[in-house]
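Take a look at the letters that make up each chain.
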4 protein chains.
Amino acid sequence: MKVSFIGIGQMGAPMAMRLIDAGHELTVYNRTASATQALVQRGARQALTPTDTLNADVVITMLADDSAVRAIWLDSGLAQSVPAGRVHLNMATTGLGLAHELLAAHALSGSIYVSAPVFGRPSAAEQGQLDIIAAGPANALQQCRPLFESMGKQVFEVGQEPHKSNAVKIARNFLLATVIESLGESFALVRKAGVSEADFLNILTSTSLSAPVYRNYGKMIVDKAFEPAAFSMELGLKDVELALSTASDLGVPMPSASLIRDQITAAIAAGHGKQDWAALAQFIAKRAGL
Amino acid sequence: MKVSFIGIGQMGAPMAMRLIDAGHELTVYNRTASATQALVQRGARQALTPTDTLNADVVITMLADDSAVRAIWLDSGLAQSVPAGRVHLNMATTGLGLAHELLAAHALSGSIYVSAPVFGRPSAAEQGQLDIIAAGPANALQQCRPLFESMGKQVFEVGQEPHKSNAVKIARNFLLATVIESLGESFALVRKAGVSEADFLNILTSTSLSAPVYRNYGKMIVDKAFEPAAFSMELGLKDVELALSTASDLGVPMPSASLIRDQITAAIAAGHGKQDWAALAQFIAKRAGL
Amino acid sequence: MKVSFIGIGQMGAPMAMRLIDAGHELTVYNRTASATQALVQRGARQALTPTDTLNADVVITMLADDSAVRAIWLDSGLAQSVPAGRVHLNMATTGLGLAHELLAAHALSGSIYVSAPVFGRPSAAEQGQLDIIAAGPANALQQCRPLFESMGKQVFEVGQEPHKSNAVKIARNFLLATVIESLGESFALVRKAGVSEADFLNILTSTSLSAPVYRNYGKMIVDKAFEPAAFSMELGLKDVELALSTASDLGVPMPSASLIRDQITAAIAAGHGKQDWAALAQFIAKRAGL
Amino acid sequence: MKVSFIGIGQMGAPMAMRLIDAGHELTVYNRTASATQALVQRGARQALTPTDTLNADVVITMLADDSAVRAIWLDSGLAQSVPAGRVHLNMATTGLGLAHELLAAHALSGSIYVSAPVFGRPSAAEQGQLDIIAAGPANALQQCRPLFESMGKQVFEVGQEPHKSNAVKIARNFLLATVIESLGESFALVRKAGVSEADFLNILTSTSLSAPVYRNYGKMIVDKAFEPAAFSMELGLKDVELALSTASDLGVPMPSASLIRDQITAAIAAGHGKQDWAALAQFIAKRAGL
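Computed from a prediction, not measured in an experiment: that's the story for all the values here.

Asker: Can you help me understand the overall build of chain A in this one?
Answerer: A count of helical and extended segments in chain A gives 13 helices and 9 strands. Projected onto its principal axes, the C-alpha positions of chain A cover 65 × 45 × 35 Å. Taken across its 290 residues, chain A has 59% of its residues classed as buried. Considering only residue pairs separated by 6 or more positions, chain A has 65% of its internal contacts joining residues 24 or more positions apart.

Right under this line is the structure:
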């Protein structure tokens, strides 16, 4: 398939590489062109402008945030100039409002908008082990399936309306934040009672909280392995604020998200911004005098 | 082994039954004597007073709360009259202060205090599938091991000081509460975005939150299966307040516990007190206008 | 002085009337022209477009929110076409980001931006009893002084940079919200102890909490006088969200604002949106089962 | 009148002195006898045991907390041995549960229990400027009136049941805590926007938040005048926990109290425990990176 890929960052680079390796004809674009070098050496064509990417069946974007997507697709008019029938597949964590705007813009062009954010860190992207949450018109999802299979290990289709997959991604990242916050609070409590974090974590993950998230974040916290950040506190704050602005738009009280936002804000003010967001647990421990 | 069992309730009854079935010589006591009937028919000796239970190697208590244990062991003097060398094995969810008091009282009598709260609901108790968190002197823990094997599938020893196992139990029950609260908030968010709870739950438990706790509470919430309560909202409030009073004693800020306490209090005021504490998620949905 | 006034609403109308009565030569503009009728009858000139207002020494805006100001001054280019030396005096509750944008836009035109939000309800505006928080260049503030004297009873100058007055207004409205929330919680507590709200309020306002805010909101709560709303719950939510977005931009944890945002969101979901925001206290009472 | 006074501390000493100066025949008791010296020199009789205080029309207690009152009146049997018709006037901040217990104990003896906590710091006590919240049987309140007049400037009678005055005192101290917390949050916000705390405070107290509490705490915060503590953070925590335990008993969600409890706990862990509880605002500023 002819595929374009806009946004060759920590996640985008390994995802694009998987697509080349699966035999797709790939065009790549990144604002800083040097990031595309390894992909070009592997056979990708380099686009010099976003418009250069439009000659493809599917144009994937994996950009930093709403405003990066909005800048390329809405403000600079890509959505208006994309030929009818082409698919724009947005795989980043973006908001529901943006999904509504892109849906409308693509509808005008006769192009198709699919939103398919992913769960997983760069290492999972390299191995094609991402979990993909996809929403869009059924035939467009079908068209994207070979791409999903190259990049992910599971695909969950959640409906025709693109914003639904964004809601799932946002709500689930909020849940990750609650795991870190609650591990932090409970670790502080047991430590002050003389129990080691490691022992407590072992009990948790040997019983009914035996999920990868508890194991992985728990181990990072026990090992104080917060640098280099797989997912930084600042990115974490961005995600929690995305949850809160979505909650605000939809009229949902999310007191846990509110509380975590305030904790992360304080943790960043205390200098933890560049650490992995699991360092929130260490900040919580300090707050308890540990 | 000669074993006594005080407190034949929802949890105590199946636990005691397992001990009889494992061949232990069991004496049972319950304030309301009728509760012991099935056990007596199976061969248990009925004690008419708590003091009647003291002629045993190990006296297990599985009582409702701190004040029930305090009433029997401290106020009415059982800890003073227990013969030296006997083991008092408390398997209920009780506080750290009580552990300190009982440790001191038993030290005076030359008897031994072991604290070993359990994870698991009555059905797990019936099948001997409890998880047991044990703390006490090493030789006493060794002595209790055959009993633990009859009642549980795993034992975690967390040290010599009995209060440590209470801290683990309290901190872990707090984590369960955060799972319900955060599921409630995230379910409300996705529902308002048009995604069904069931689809969202399936995604969560098929990816990195695949823990029994998320599956079980998630299913209860999706099915609105809150009655009869396996663990009522009122008991949940008791546990969260135990976490908060422990946090207060140890000087640990636990904002998530605080927030959940207020939510549960409001949920009880709204009439959910006798439902399973997973109904908190439904209360949260209502708060979002769902 | 030649003055223009854009935004003839609940607050703008009485403020503009005060200016006419003080002898200023007033031009008025409102999107819905009918709102200006009473002012025109009193001698104001009616502008047909925003641009029509620019022939004045000072152009006052009193618009609903950031986006209304942005639409007129930035998107439709008023800030670009305003003659050099003219003063744009924004008296509404708007954000710090908007203040920075307007400052930059006016600097390009050689015009001057002054931000001067007010404290006080429509009845205070009618009587020229507003409190005015002003920030802008010293000579512009001096030029505005006669206008302030017609509309307000006190002016507080907080510096040259316009955004400072916005920060003061936002922070102070947040404090009003905390008064309502805390009165709600404390009223619920004393009521459940058998003490009447009215008695408790009398004690508070006869001792060290004797401020108008406690008296006024307290009385509204005791009297359940929430309709018609002097300041609706929905407007209150907007103000608390303004506090939170400002806090987010500046890196300030504001847990009280977070908690109140969630409470108001729930209160609106429960149908209180059009009531005065003091009705939050009634919602809190219901949450306690009262 | 023959009056006894138990508990000669920071508050009790000046209160007792006022009674002597008003001509009452005073007997004083304090666990550490040296504290009574100045009063004895002024003419008070020194009681050697609590029982020694019972030969009086009214026995006032001004003790540190519930357990101090419980120790003297309930555990050591003073309430049982007090002659019928005598009044026990408890003026400290204590809980509703204690009020119920003392009411019952005095009813058995035919003695009378009045609860009358006070608002005000030691300096107000010296000048007889306390605010007194009194609850008890009407004739007992009448009997106490001359004493109240010597110690206070206002008396608020809130009913026959003693616990009601405790509820008022607890709810109002909670409100003080919310003032400190909200000032702290709003000060952090305006400071980060470049506005000085002093300017902001001046605006607040010149407009609708012009209450002594805002002025006094505001000034302490602006001046960083936290030592010596007029009311320490640790005492503040005790009061907020009293609010929360009362809320728990009565089934009232008090999220603001919960949040402040966690903040104060963290502030104490950070070393602010002996400072005035207004220092919470400084802790909040630090949390914002100031």
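Asker: I would appreciate a short explanation of the relation of the copies chain A and chain B in the present structure.
Answerer: The second copy of the chain is related to the first by a rotation about an axis and a shift along the axis. If you rotate chain A by 180° and push it 0.0 Å along the axis, it lands on chain B with an RMSD of 0.0 Å. On the angle and the small slide along the axis, the relation comes out as a two-fold axis. By C-alpha distance to the rotation axis, the residue of chain A lying nearest is A:A211, at 2.3 Å. In this assembly, 100% of the residues forming the interface of chain A have copies in chain B that are likewise at the interface, indicating an isologous arrangement.

Asker: Honestly, the packing of helix α12 (residues 255-272) of chain A against helix α12 (residues 255-272) of chain C in this entry has me stumped. Any pointers?
Answerer: Packed helices, taken two at a time, are described by the angle their axes make and the gap between the axes. At a minimum axis distance of 9 Å, the contact between α12(A) and α12(C) shows a crossing angle of 165°. Viewed along their axes, α12(A) and α12(C) adopt a mutual orientation that is roughly antiparallel. When the axes of α12(A) and α12(C) are compared, the crossing they make is right-handed. Only C:P255, C:S258, C:L259, C:R261 and C:D262 of α12(C) make contact with α12(A), whose side of the interface consists of A:P255, A:S258, A:L259, A:R261 and A:D262. Of the residues belonging to the contact of α12(A) with α12(C), the class tally is 4 nonpolar, 2 polar and 4 charged.

Asker: How should the relation of the copies chain B and chain D be read in this particular structure?
Answerer: Overlay of chain B on chain D (RMSD 0.0 Å): rotation 180°, translation along the axis 0.0 Å. Both copies contact each other with a shared surface, as 100% of the interface residues of chain B are interface residues in chain D too.

Asker: Before we go on, may I ask you to explain the domain arrangement of chain A in this structure?
Answerer: Accessible area lost during the coming together of the parts is what is often quoted as the interface size. Residue and element names in this part refer to chain A. Considered domain by domain, chain A is made up of domain 1 (2-161) and domain 2 (167-287). Placing a centre on the C-alpha atoms of domain 1 and another on those of domain 2 gives a separation of 29 Å. Each partner contributes to the interface: domain 1 provides 10 residues, whereas domain 2 provides 13 residues. Tallied by class, residues from the side of domain 1 that touches domain 2 come to 5 nonpolar, 3 polar and 2 charged.

Asker: How do you make sense of the interface of chain B and chain D when you look at a structure like this?
Answerer: On the side of chain D, 14 residues touch chain B, which itself brings 14 residues to the contact. Elements represented by at least two residues in the side of chain B that touches chain D include exactly α11 (233-250) and α12 (255-272) of chain B. The element that contributes the greatest number of residues to the side of chain B that touches chain D is α12(B), accounting for 9 residues. Classifying every residue of the side of chain B that touches chain D by side-chain character gives 7 nonpolar, 4 polar and 3 charged.

Scoring rules and cut-offs
Residues numbered from 1 in each chain as written. Chains lettered and ligands numbered in written order. Predicted model: local features only at pLDDT ≥ 70, side-chain atom pairs only at ≥ 80, totals over all residues. Helix = DSSP H or I, 4+ residues; strand = E, 2+ residues; numbered from the N terminus. Buried ≥ 20, exposed ≤ 12 C-beta atoms within 10 Å, placed from the backbone. Contact = placed C-beta atoms within 7 Å. Least-squares fit on C-alpha atoms with pLDDT ≥ 70 in both. Axes fitted to C-alpha atoms, helices over the stretch in contact; angles between N-to-C directions. Parallel < 35°, antiparallel > 145°, perpendicular 65-115°, else oblique. Left-handed = near helix turned anticlockwise from the far one by under 90°. Nonpolar A, V, L, I, M, F, W, Y, C, P; charged D, E, K, R; others polar. Domains from an automatic or database assignment.

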